[in-house]
Amino acid sequence: MSTAKKLNLVGVDDYLAGELISPIKHEYLGGFVYAMAGARNMHNVIATNTLISLHRLQGKPCRPFNSDTKIRIQLPNQTRFYYPDASVICRLNPPTDSYQDEPVVIFEVLSQRTHRLDEGEKKDAYLTIPSLKVYVLIEQESAAVVAFRRKEKDFEREVYLGMDAVLPLAEIGIDLPLAEIYEGIELVPEPEEDPASS
């Protein structure tokens, strides 16, 4: 007989019900629930600027969503829910749902704490979503955006540098100038994380 402890995994329905009443957001990975850490002001300003720039979608069929909107990812062996910093959805879930299934563009603002996660685990999961056309990573320390854009068979990595650069998003019929994404931001290195506080 095994002495290993049986894990009490959280079901999807219980997770979704809990998120509706929770004062903090949690991400969900195949039954495991992880509380999300807060973000610095610079991260929040960049995420808000990005959402404001998406006003160009007014009158178009696609809609921007903020970081309170979960994205459901159905992998072959598990379901995941992540909260991206912003997303664009062209085919919406029913209004009674608390998540979206078919993002066309997903934006994540990178930080020292989330860099590895956003460029690794999350990217790998997001890129499995059939509707996703572009996954956008926005740096905090410099005016730099990396876009993973769907081509015929795979995603290609594109880099946009400097305040004069423009991120083309033909997939949703708009362009995003980096000057707008970084408006009001003083680009300085993020303070080093204290390993003892992690």
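Residues numbered from 1 in each chain as written. Predicted model: local features only at pLDDT ≥ 70, side-chain atom pairs only at ≥ 80, totals over all residues. Heavy atoms only, no water.

A.B. asks: Explain the packing of aromatic side chains to me, please; I cannot follow it from the model alone.
C.D. replies: Two measures describe an aromatic ring pair: the distance that separates the ring centres and the angle between the ring planes. Within this structure, the stated rule accounts for seven aromatic pairs. Consider the rings of Y82 and Y126, whose centres lie 5.6 Å apart with planes at 65°: the pair is edge-to-face. Of this pair, Y82 sits in strand 5 (residues 79-82) while Y126 sits in helix 4 (residues 121-126), placing them 44 residues apart in sequence. Residue classification places Y82 among the buried residues on the basis of a relative accessible area of 1%. Plain terms: the ring middles of Y126 and Y135 are 5.2 Å apart, the flat faces sit at 55° to each other, and that makes the pair tilted. Y135 matches Y126 in its accessibility class, with the two residues each being buried. Across from the ring centre of Y83, 5.1 Å away, lies the NZ or CZ of K25, which sits over that ring. The ring of F148 carries the charged tip of K123 above its face, separated from the ring centre by 4.9 Å. (Phe/Tyr/Trp six-rings, centres within 6.5 Å; stacked < 30°, edge-to-face > 60°. Helix = DSSP H or I, 4+ residues; strand = E, 2+ residues; numbered from the N terminus. Buried < 20%, exposed > 50% of the residue type's maximum accessible area, 1.4 Å probe, protein only. Lys NZ or Arg CZ within 6 Å of the ring centre and 35° of its normal.)

A.B. asks: Sorry if this is basic, but what is going on with the sheet that holds strand 3 (residues 63-65) here?
C.D. replies: Strand order in the open sheet formed by six strands is 3-6-8-9-10-11, and the pairing between neighbours is mixed. The open sheet has two free edges, formed respectively by strand 3 and strand 11 (155-161), since each of these has just one partner strand. Each strand axis lies, on average, 15° off the axis of its neighbour in the sheet, ignoring direction. Bridge analysis of strand 9 (residues 134-138) against strand 10 (residues 144-150) gives five bridges, and the strand direction is antiparallel. Within the sheet, the bridge partner assigned to V136 lies in strand 10 and is A147. Running over the sheet, helix 2 (residues 41-53) touches strand 3, strand 6 (86-89), strand 8 (103-109) and strand 9 and is turned about 155° from strand 8. (Pairing = 2+ DSSP bridges. Axes fitted to C-alpha atoms, helices over the stretch in contact; angles between N-to-C directions. Contact = heavy atoms within 4.5 Å.)

A.B. asks: Just checking my understanding: could you explain a nonpolar patch on the surface for this structure?
C.D. replies: A surface patch of nonpolar side chains, about 300 Å² in accessible area, is lined by L9, F32 and Y34. With respect to the element layout, Y34 can be found in strand 2 (residues 32-35). (Patch = residues over 30% accessible without salt bridge, like charges linked within 9 Å, V, L, I, M, F, W, Y side chains within 5 Å. Areas by Shrake-Rupley, 256 points an atom, 1.4 Å probe, with all protein chains shown as cover. Salt bridge = Lys/Arg side-chain N within 4 Å of Asp/Glu carboxyl O.)

A.B. asks: Is there a simple way to explain the sheet that holds strand 2 in this structure?
C.D. replies: Strands belonging to one sheet form pairs held by backbone hydrogen bonds; the direction of such a pair is parallel or antiparallel. Spatial strand order, 2-1-5-4-7: five strands in an open sheet with mixed pairing. This sheet does not close on itself; its edge strands, each paired only once, are strand 2 and strand 7 (99-100). By the bridge criterion, two bridges tie strand 4 (residues 70-74) to strand 7 in an arrangement that is parallel. Its bridge partner being in strand 7, K70 is matched across the sheet by Y99. Strand contacts of helix 1 (residues 12-21): strand 1 (26-29), strand 2, strand 4, strand 5 and strand 7, with the helix running at about 175° to strand 1, the strand carrying the most contacts.

A.B. asks: Where do I start with the nonpolar core in this structure?
C.D. replies: Nonpolar side chains tend to gather and get buried jointly when the protein is soluble and globular. Judged by nonpolar contacts, the single largest core of 29 residues is most densely connected at V105, F107, I138, V145, L167, L169 and I172. Of the residues forming this core, the biggest block, four residues, is contributed by strand 8. When sequence neighbours within four positions are dropped, the list of residues in contact with L167 reads F107, V136, V145, A147, R149, Y160, D175, L176 and L178. (Core = buried A, V, L, I, M, F, W, Y, C linked by side-chain atoms within 4.5 Å.)

A.B. asks: Would you mind showing me how to read the state of the cysteines here?
C.D. replies: By the definition in use, this model includes one disulfide. The disulfide that involves C62 links it to C90, with 1.9 Å between the sulfurs. One disulfide, between C62 and C90, carries an S-S torsion of 100° and so falls in the right-handed class. In this pair, C62 sits in the loop between helix 2 and strand 3 while C90 sits in the loop between strand 6 and strand 7, placing the two residues 28 residues apart along the sequence. For C90, a relative accessible area of 29% corresponds to the partly exposed category. (Disulfide = S-S within 2.5 Å.)

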